[in-house]
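Take a look at the letters that make up each chain.
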Amino acid sequence: LGKCQRAHPLPVPRGVRYDASTLQAGTRDNVLSRNYKSAFGEYIQPVNLLLHRLGVSPDSLTFPGIVFGGLAGLAFARGRPVLAGVLLILAGVSDMLDGSLARANGAASPFGSYIDSVADRFPEALVFTGIAWHVRGKPELLAVLAALAGSFLVSYAKARAEALGAGALASGGV
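Cut-offs applied
- Residues numbered from 1 in each chain as written.
- Predicted model: local features only at pLDDT ≥ 70, side-chain atom pairs only at ≥ 80, totals over all residues.
- Heavy atoms only, no water.
- Axes fitted to C-alpha atoms, helices over the stretch in contact; angles between N-to-C directions.
- Helix = DSSP H or I, 4+ residues; strand = E, 2+ residues; numbered from the N terminus.
- Parallel < 35°, antiparallel > 145°, perpendicular 65-115°, else oblique.
- Left-handed = near helix turned anticlockwise from the far one by under 90°.
- Contact = heavy atoms within 4.5 Å.
- Nonpolar A, V, L, I, M, F, W, Y, C, P; charged D, E, K, R; others polar.
- Patch = residues over 30% accessible without salt bridge, like charges linked within 9 Å, V, L, I, M, F, W, Y side chains within 5 Å.
- Areas by Shrake-Rupley, 256 points an atom, 1.4 Å probe, with all protein chains shown as cover.
- Salt bridge = Lys/Arg side-chain N within 4 Å of Asp/Glu carboxyl O.
- Buried < 20%, exposed > 50% of the residue type's maximum accessible area, 1.4 Å probe, protein only.
- Core = buried A, V, L, I, M, F, W, Y, C linked by side-chain atoms within 4.5 Å.
- Phe/Tyr/Trp six-rings, centres within 6.5 Å; stacked < 30°, edge-to-face > 60°.
- Lys NZ or Arg CZ within 6 Å of the ring centre and 35° of its normal.
- Polar contact = N/O pair within 3.5 Å; in protein donor to acceptor, adjacent residues only side chain to side chain.
- pLDDT = per-residue confidence, 0-100.

> Please set out the packing of helix H4 (residues 59-77) against helix H5 (residues 81-105) residue by residue, giving values where relevant.
The N-to-C vectors of H4 and H5 enclose an angle of 165°; their axes lie 8 Å apart at closest approach. With respect to each other, H4 and H5 are oriented roughly antiparallel. In the crossing of H4 with H5, the sense of the turn from one axis to the other is left-handed. Here Leu61, Thr62, Pro64, Gly65, Phe68, Gly69, Leu71, Ala72, Ala75 and Phe76 of H4 come into contact with H5, specifically with Pro81, Leu83, Ala84, Leu87, Leu88, Leu90, Ala91, Ser94, Leu97, Asp98 and Leu101. Of the residues in the contact of H4 with H5, the class split is 16 nonpolar, four polar and one charged.

Laid out in structure tokens, this is it:
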């Protein structure tokens, strides 16, 4: 058990296994994501356990991530970067928890991963749109549009690599 689990003990529901291997399971892991999950796994673990006990489904965490991302884009557009940053953190936490909860509950699936990836693009586009609106009429607009294009190009390149059977390339592994 991690430090956080010992500090806030919650009984594990029958049939649910929470440990580092559960949080790191998946075919898309690369070195950075494994280290990231390992570092935060002990803090996510009790949250996942609580969400599972409350009957929260991973899908019900995806929608708030989209909403928080959209609100972050709106905050950027209105020139409120601190509020936008807080909303981006909430969107990121929601996105992080939906996948880890699905993996920990044994509910992870290729279709769920696909829906999660598609759902992640909406807040990304809304955030860049909000920043673009804020800098409209300024030379920085070109940098924002290039970042938007680059973010979608990464997703496209990954999808193409997976479709071509280059799984290690798509997940960042070698």
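> Outline a nonpolar patch on the surface, listing residues and values.
On the surface, Phe111, Tyr114, Ile115, Val118, Phe122 and Leu126 cluster together into a nonpolar patch covering about 600 Å² of accessible area. Counting through the fold element by element, Tyr114 comes out in helix H6 (residues 110-134). The class for Tyr114 is exposed, based on a relative accessible area of 51%.

> Could you give an account of the nonpolar core, naming the residues involved and the relevant values?
With six residues, the main nonpolar core is built from Ala72, Ala75, Phe76, Ala84, Leu87 and Val127. Take this core: its biggest share by element is three residues, from H4. Here Leu87 is in contact with Phe68, Leu71, Ala72 and Ala75, once residues within four sequence places are set aside.

> Describe the pattern of salt bridges, naming the residues involved and giving the relevant values.
Enumeration according to the criterion identifies one salt bridge in this entry. Between Arg121 and Glu124 there is a salt bridge, with its nearest N and O atoms 2.8 Å apart. Linking Arg121 with Glu124, this pair stays in helix H6, spanning three residues, or about one helical turn. The class of Glu124 is buried, set by a relative accessible area of 18%.

> I'd love a proper account of the environment of Val127, names of residues and values included.
Within the element layout of this structure, Val127 appears in helix H6. A residue is classified by how much of its surface remains accessible, and Val127, at 10% relative accessible area, is buried. The spacing of Val127 and Phe68 is 59 residues in sequence and 9.9 Å in space, taken between C-alpha atoms. The residues contacting Val127, other than those within four sequence positions of it, are Gly69, Ala72, Gly73, Phe76 and Leu88.

> Residue-level account of the packing of aromatic side chains, with values.
A ring pair, where both rings are aromatic, is described by two values, the distance of the centres and the angle of the planes. Across all of its chains, the model carries one aromatic pair by this definition. Residue placement shows Arg136 over the ring face of Trp133; its charged tip is 4.2 Å from the ring centre.

> So, the side chain of Glu124: which residues are in play, and what are the values?
One polar contact links Glu124 to Ser151, side chain to side chain, over a distance of 2.6 Å. Residues in contact with Glu124, not counting those within four places in the same chain, are Ser151 and Phe152.

> Residues and numbers for the environment of Gln45, please.
Topologically, Gln45 is positioned in helix H3 (residues 31-53). By relative accessible area, Gln45 is classed as buried at 6%. Sequence spacing of Gln45 and Ala104 is 59 residues, and the spatial spacing of their C-alpha atoms is 8.6 Å.

> Tell me about the confidence of the model for the chain, residues and numbers included.
Summarising the model, the chain shows a mean pLDDT of 78, and 72% of its residues fall at 70 or more. Under a pLDDT of 50 for its full length, residues 1-14 has, in the predicted model, 23 contacts with residues more than four places off or in other chains. Within the model, pLDDT remains below 50 along residues 18-29, and this stretch shows 32 contacts once partners closer than five positions in the same chain are excluded.

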